[in-house]
Every structure is written in structure tokens, then in C-alpha cells.
Amino acid sequence: MSTYPPPTSSLNPALVTTAFEVPGHRIVRNIGVVRGIVVRSRNVFATLGGKLQTLVGGDITLFTELCEKTRQDSYAMMTFHAAQLGANAVIAVRYDATEVMQGVTEVLAYGTAVIVEKL
């Protein structure tokens, strides 16, 4: 099993939004749905550390960090996919997560790749 860094994007983060439009821009072309999928599992040390943190209560930082990293990676993959298709923006961005099996979760970032131009 190899680990690899997530792709980087050439998209301006200000042009990636959960809204259906980009303020100050008009959509000139709809390219279509783009997505980034990451499937991660917890390692045994994170699971044990997380269980210990539940005993004292509060934020379970080991899991928070794993979730945030997974979301960042799926977002990066989505924007990279959009850039590959020639988009300069992504609208209607959403996240979804599904437990594939116990301890293994899929995180999906998806949206609509578009080309926008400044008004």
C-alpha cells in the first residue's frame, strides 16, 4: 500500500464555493460534476489514543485531525479534477461521508466545475 500526497490545485480558493454562483463573476460554461474521494482507516494507535481521550472527555484530537486531513485531501482531489477539465471555479460544493466498514470511512467532496469570468 502506498501513500501519496494529494494533488495540488491551480484553482483560486475564492472561486470554490458552496453557493450556486460566484459573486462578481458570471458562469460562461458548465463543465459538470467533479469529485474527490478518499477512503481512510484509523490505525490501531489512533484508535487506542482516541479511546483513552474519551475517558477524560472533551475534543478527541486524534480523530479530529484525521477527519480534517481526510476532508482537505478530498477537497484537493476535487479541485484538481476540476482544473484538469479546464474549470477555473467549482460551485455547489458539498461533502459526504460513508462508513465503508468498521473503522474505514469514505469522504467525498463534490461540486460543479464551471468556467467563470469577472463582471
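Preceding this section is the structure that the text describes.
Note that this is a predicted model, so its numbers are computed, not measured.

Caption draft 1: Structural context of the nonpolar core. Leu11, Val16, Val34, Met78, Ala82, Ala87, Val90, Val93, Ala109 and Ala113 together form the largest nonpolar core, which totals 10 residues. Those elements that place two or more of their residues in this core are helix H2 (61-84), strand E2 (89-101) and strand E3 (104-118). Ignoring sequence-local partners within four residues, the contact set of Ala82 consists of Leu11, Val34, Ala87, Val90 and Ala113. Grouped together as the second largest cluster of nonpolar side chains are 6 residues, Leu15, Val22, Val114 and Val116 included.

Caption draft 2: Expanded view of unusual backbone geometry. Phi angles above zero are rare outside glycine, and Ala92 is one such case at about 55°. With respect to the helices, strands and loops of the structure, Ala92 is situated in strand E2. Judged by relative accessible area, Ala92 falls into the buried class, the value being 13%.

Caption draft 3: Examining the sheet that holds E3 more closely. Pairing in this open sheet of 3 strands is antiparallel, and the strands run E1-E3-E2 from one edge to the other. Where the open sheet ends on each side, the last strands, each with one partner, are strand E1 (25-41) and E2. Each strand axis lies, on average, 10° off the axis of its neighbour in the sheet, ignoring direction.

Caption draft 4: Molecular detail of the pattern of salt bridges. Inspection of the entire model under this criterion finds 2 salt bridges. Among the salt bridges present, the one from Arg26 reaches Glu117, with a minimum N-O distance of 2.7 Å. You can see Arg26 sitting in strand E1 and its partner Glu117 sitting in strand E3, a full 91 residues away along the chain. The class for Glu117 is partly exposed, based on a relative accessible area of 35%. Among the salt bridges present, the one from Lys69 reaches Asp73, with a minimum N-O distance of 2.9 Å. One end of the pair is Lys69 and the other is Asp73, both in helix H2 and 4 residues apart, which spans about a single turn.

Caption draft 5: Representation of the environment of Gln102 in the model. Along the chain, the position of Gln102 falls in the loop between E2 and E3. Residue Gln102 is classed as exposed on the basis of its relative accessible area of 73%. Taking the C-alpha atoms as reference points, Gln102 and Ser41, separated by 61 residues in sequence, lie 8.7 Å from one another.

Reading the values: rules and limits
Along each chain, residue indices are assigned from 1 in the same order as the chain's sequence is written. Predicted model: local features are reported for residues with pLDDT of at least 70 only, side-chain atom pairs are reported and counted for 80 or more only, and whole-chain, interface and lining totals are derived from all residues. Hydrogens and water molecules were not included; the side-chain quantities draw on all heavy atoms of the structure. Side-chain atoms within 4.5 Å are what join buried Ala, Val, Leu, Ile, Met, Phe, Trp, Tyr and Cys residues into a set we call a nonpolar core. Only protein chains enter the calculation, and the probe is 1.4 Å; a residue is then buried if its accessible area is under 20% of its type maximum, exposed if over 50%, and partly exposed in between. What counts as a helix is a DSSP run of H or I of at least four residues, what counts as a strand is a run of E of at least two, and both are numbered from the N terminus. Whether two residues are in contact is decided by their heavy atoms, any of which lying within 4.5 Å being enough. Paired strands, as defined in this entry, are two strands with at least two bridges between them according to DSSP. Only the stretch in contact is used when a helix axis is fitted, and all axes are lines through C-alpha atoms; the angle between N-to-C directions ranges over 0 to 180 degrees. For salt bridges, the criterion is a side-chain nitrogen of Lys or Arg within 4 Å of an Asp or Glu carboxyl oxygen.

Any link to function would need more than the numbers given here.
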